[in-house]
Amino acid sequence: MKEHMLLNQERVGRCWVSPDTAAAGQMGTWTFTYETGSYGIEDSGAIRLAWRMVSDWEVPQFDSPEKSGYTTVTTDGNAQLSLCYSRYQRPYTNSLLVTVVRGSLKPGDRVIITMGDTSGGGPGIRAQSFQEAGHLFRLLVDVTGSGIFRDVAATGLPVAVRAGVPHCLNAVLPGSVEAGKTFWLQVCCLDDMGNPCPDWHGEVDLKIIGADPEICTYPRKISFADAAGGVVRVEACLALHVGYFQIEVGCEAEGWSCRSNPCLVEEHPGLRLYWGDMHGQNANTLGTGTLDEYYLFARNVAGIDFAGWQGNDFEITDEDWAAVREKTAAYLEEDRFVPFLGYEWSGSTPVGGDYNIFFRGDSPCFYPSSNWVSAPNADPDLITTPVSELWKRFENRDDVMAIPHVGGRCGNLAFLDERYSPAVEVHSHHGTFDWFALEAMRRRLKVGFVASSDDHTCRLGLFYPGRGTTPSGGFDVASGYCGIWAESLSRESLWRALRARHCFASTIDRLCLRTSLDTGAFMGDSCVLDGEASFRVEAIGRYPIDQILIYDWDRVVADIRPRLADERCVRIRWRGVIPGGKHKSTTWDGTLSVENGRIRSAENYAIDRADQGIQMHTSSSVSWLSTTSGDYDGLLLHLSGEGDPVIHFHSAQGNCSVRRSELMNGTVKFTFAPHCSVEFDLTSALQDGESCRCTASWRISPDGEEHAWWVKVLQTNGNAAWASPIFTSGT
């Protein structure tokens, strides 16, 4: 137990926390003790215990001692106290408010707040789901009832949140490699919330899947005995001949197995695939962790090639900006890791909304939408709003990019300027936003597509959704990535490729995707056709490709299902999103029942959150918990019976029924509201040795109009990728 106190501690008092450690996502009990100083606290005075908005620590409750989250307050003083959950100031928006409602506290009286009180039979309270070396609680007091709160401990009350129990493995390969050249592979051990586990020291076996086992040299075993931070990186692998491959990593003793992302091997490739996550922030603004922790995680744990920093502009002080510039420059190591300097222009949607601003090199200054939080520690002369004024600031510059996204505020595409915006962001931890891509296409904008994490938890490139309904626990999906086809892993090459829209968006499985025309045009290019051409798609997934949707602008022209269907296997998948605002999630909790048949088995489909999915199933019914933010969630049912089973679907969004025989002719879809629907179709179980590579083509003919040809590709597990369009014209 450590004590933390201010210099005038004899007046305001002192405070401490016990214990000062926690396991991510695990239950526990924490007591926060405040001892009043010489001021005491008068009637109507208050104590506030605050923690960051970016924390999915279970929301405390005060009425059910037998349930989790039960939280109490006691005192040895002669006063009556009330306790409630109360919003505080950004970034410490979570707080408990203790108010002296009768009597007063004299100097030396103690107040004890117990989060996770188990005295009534409850299990405690669940700690936040992500690790953090120094998760800070602030204990503040208002000794006079004035509404003015002062910190008791100058440094706060730090609780070290460590990884939970080792749960699974994660394996990463480069996006592509040249035949005859060496490459790296990386394996890490994660807990059930996606945190690396530094204390696991087992051994794993590796083998090639989906390709000739002699396509490359690699270690057959890896020991974690000397692993740094739960991660092992092997640099000396060698690609021997062309093709693609994945590595399956397993630990028989633990019962773990995982597949890596696919790696493409080519002879003298003109372009190579690099993976990055250019959107996140740390404790310098709203997020958590130091800048060193932020970039080290991206490079050493997530295993990404390039990165970015996107703190909310209205929180960035001049000191913050100097620190971000310094660290971004320090971590630049071309051919290994390339970070880009930037910030998030965070104006309200009517004046532009969220635009991620990137600089090719250094920038002594930045132009915020406001200095609402950072004032007076930011230069007010640099404030620039609406975002159209920012374009004037950037006039004639080729070292700046602006990518709109759907986050705390929705990027307003009416302000988009193609001189600075080569792409829009279609996926992040905020959700999957096909509607945003389609809006860009309806507006006939010449933009490509990227994805990111928008991570705030210091896990850039490997974010997993948390638990609960707090601001950082309400996210429904995991990280996204930007795949860039570039000549080399350098700032200049990546910048040119992104400006040329040689990029695509992928969800967490890092699908390999490229499109081209047989005339030579590549993903993102704009060209004039003088005759017919073939639009070609090549997709390689971590799992088999299940669906390829080919678009012309905002219109689906082909829906390709490359896998054979099994009439016994029914997939039910739903998705919904509330577009435009901060609250995007739709609730799908529900049940289904089967009439004239039996459910042999039921499996989760594309469920991202560890606290959701199937809750119960019998031979005739299934119940589940689910929320979506534009992504798919769902079920896979294996049915038996001689008749024609009828599936009755009941959810928070709507109810419907469908016969299995109706699915013989294709997908049956029910729309409950705009951007909110459920689909029923037939699918099949994964087969041993099933290929994860799929190709498709579409014949196009010039007709005097301009067209945008692009694809969305889905895997069997619901993970997806979006290719930037190829823009064509010609007569």
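These notes cover the structure that comes with them. The structure displayed is predicted, hence computed values, not measured ones. (Residues numbered from 1 in each chain as written. Predicted model: local features only at pLDDT ≥ 70, side-chain atom pairs only at ≥ 80, totals over all residues. Heavy atoms only, no water.)

**Some points on the overall build of the protein chain**
At step 1: Check the secondary structure of the protein chain and you find six helices and 55 strands.
At step 2: Rg of the C-alpha trace for the protein chain: 27 Å, near the compact-globule value of 27 Å for 731 residues, within the 12% margin.
At step 3: Dimensions of the protein chain, computed from the C-alpha atoms along their principal axes, are close to 85 × 70 × 50 Å.
At step 4: The buried share of the protein chain, taken over its 731 residues, is 60%.
At step 5: The contacts in the protein chain between residues at least 6 apart in sequence include a share of 71% that link residues at least 24 apart.
At step 6: For the protein chain, the accessible surface area stands at approximately 27100 Å², while carbon and sulfur atoms represent 48% of it.
At step 7: Averaging the locations of the 64 positively and 92 negatively charged side chains of the protein chain gives two centres separated by 1 Å. (Helix = DSSP H or I, 4+ residues; strand = E, 2+ residues; numbered from the N terminus. Rg over C-alpha atoms; globule rule 2.2 N^0.38 Å. Buried < 20%, exposed > 50% of the residue type's maximum accessible area, 1.4 Å probe, protein only. Contact = heavy atoms within 4.5 Å. Areas by Shrake-Rupley, 256 points an atom, 1.4 Å probe, with all protein chains shown as cover. Lys, Arg positive; Asp, Glu negative; His and termini not counted. Charge placed at Lys NZ, Arg CZ, Asp CG, Glu CD.)

**A look at the packing of aromatic side chains**
To describe a pair of aromatic rings, you give the distance between the ring centres and the angle between the ring planes.
At step 1: Inspection of every chain in the model, using the stated rule, returns 39 aromatic pairs.
At step 2: Taken together, a centroid distance of 5.3 Å and an interplanar angle of 85° make the contact between W57 and F137 edge-to-face. Highlighted residues: W57 in the loop between β6 (46-51) and β7 (71-75) and F137 in strand β12 (residues 132-142), separated in sequence by 80 residues. The same class applies to W57 and to F137, which are both buried.
At step 3: With centroids separated by 5.3 Å and ring planes inclined at 70°, the aromatic side chains of Y294 and Y295 adopt a geometry described as edge-to-face.
At step 4: Taking relative accessible area as the criterion, Y294 reaches 0% and is therefore assigned buried.
At step 5: Residue classification places Y295 among the buried positions, given a relative accessible area of 0%. (Phe/Tyr/Trp six-rings, centres within 6.5 Å; stacked < 30°, edge-to-face > 60°.)

**A look at the nonpolar core**
At step 1: Ranked by size, the top nonpolar core spans 106 residues in total, and within it Y343, I357, L390, F394, F449, L513 and V711 carry the most contacts.
At step 2: Judged by nonpolar contacts, the second largest core, of 34 residues, contains C15, A22, M115 and V143. (Core = buried A, V, L, I, M, F, W, Y, C linked by side-chain atoms within 4.5 Å.)

**Looking at helix α6 (residues 491-499)**
Structurally, the α-helix is built with 3.6 residues per turn, so residues lying three or four positions apart point the same way.
At step 1: Considered for burial, the residues of α6 that qualify are R491, S493, L494, W495, A497 and L498.
At step 2: R501 sits one or two positions beyond α6 and adopts a positive phi of about 65°.

**Quick notes on the sheet that holds strand β15 (residues 166-172)**
At step 1: The strand order across the open sheet formed by four strands is β15-β17-β21-β19, and the pairing between neighbours is antiparallel. Edge positions in the sheet fall to β15 and β19 (216-217), since each of these pairs with one other strand and no more.
At step 2: Relative to strand β21 (residues 231-239), β19 runs antiparallel, the two sharing two bridges. Looking at β21, one finds that C216 is bridged to A239. (Pairing = 2+ DSSP bridges.)

**Side note on the environment of V528**
At step 1: The residue V528 is located in strand β36 (residues 526-528) in this model.
At step 2: For V528, a relative accessible area of 67% translates into the label exposed.
At step 3: Once you skip the residues sitting within four places of it in the chain, V528 turns out to touch S729 and G730.

**As for helix α3 (residues 318-330)**
At step 1: Here α3 spans 18 Å end to end across 13 residues, near enough to the 18 Å set by a 1.5 Å rise per residue.
At step 2: In the core, the buried residues of α3 are packed alongside α2 (291-301), β27 (338-346), β28 (354-359) and α6. (Expected span 1.5 Å × (residues − 1).)

**Description of the pattern of salt bridges**
At step 1: Applying the stated criterion to the full structure yields 44 salt bridges.
At step 2: Put simply, D518 and R699 hold a salt bridge, and the shortest N to O gap is 3.7 Å. Pair noted here: D518 is in the loop between β35 (512-517) and β36 and R699 is in strand β52 (residues 693-700), with a separation of 181 residues, a long-range link.
At step 3: By relative accessible area, which is 35% here, D518 ends up partly exposed.
At step 4: A salt bridge links R573 to E679, with the nearest nitrogen and oxygen atoms 3.2 Å apart. Taken together, the residues span a long stretch of sequence, with R573 in strand β40 (residues 566-576) and E679 in strand β51 (residues 676-683) at a distance of 106 residues.
At step 5: Judged by its relative accessible area of 1%, R573 is buried.
At step 6: Assessed through its relative accessible area of 8%, E679 is described here as buried.
At step 7: Each of D546, D559, R561, R563, R571, D681 and E690 takes part in salt bridges that share partners, so that together they form one network. (Salt bridge = Lys/Arg side-chain N within 4 Å of Asp/Glu carboxyl O.)

**Looking at the side chain of T716**
At step 1: Positionally, T716 belongs in the loop between β53 (707-715) and β54 (720-723).
At step 2: Given a relative accessible area of 13%, T716 falls into the buried group.
At step 3: In this structure, T716 is in contact with Y543, P544, D546, R563, Y605 and L686, ignoring residues within four places of it in sequence.

**Thoughts on the environment of I726**
At step 1: As for its placement among the helices and strands, I726 is situated in strand β55 (residues 726-729).
At step 2: For the pair formed by I726 and S585, sequence separation is 141 residues and the distance between their alpha carbons is 32 Å.
At step 3: For I726, the residues in contact, after removing those within four places along its chain, are T515, S516, L517, A521, F522, M523, G524, D525, F535, H707, A708 and W709.

**Notes on the sheet that holds strand β31 (residues 431-432)**
At step 1: Judged by pairing direction, the sheet is mixed, and its three strands sit side by side in the order β31-β30-β32 without closing on themselves. Of all strands in the sheet, those bounded by a partner on one side alone are β31 and β32 (448-451).
At step 2: As defined by bridge partners, strand β30 (residues 423-428) adjoins β32 across four bridges and the pair is classed as parallel. Among the inter-strand pairings, V424 is bridged to a residue of β32, identified as F449.

**Overview of unusual backbone geometry**
At step 1: Following R90, the chain continues to P91 via a peptide bond in cis, the omega torsion being 5°.
At step 2: With an omega dihedral of 5°, the bond running from A375 to P376 counts as a cis peptide bond.
At step 3: Looking at the secondary structure, you find P376 in the loop between β28 and α4 (387-393).
At step 4: Residues other than glycine seldom take positive phi values, yet C458 does so here, at roughly 65°.
At step 5: Tracing the backbone through its elements, the reader meets C458 in the loop between β32 and β33 (480-486).

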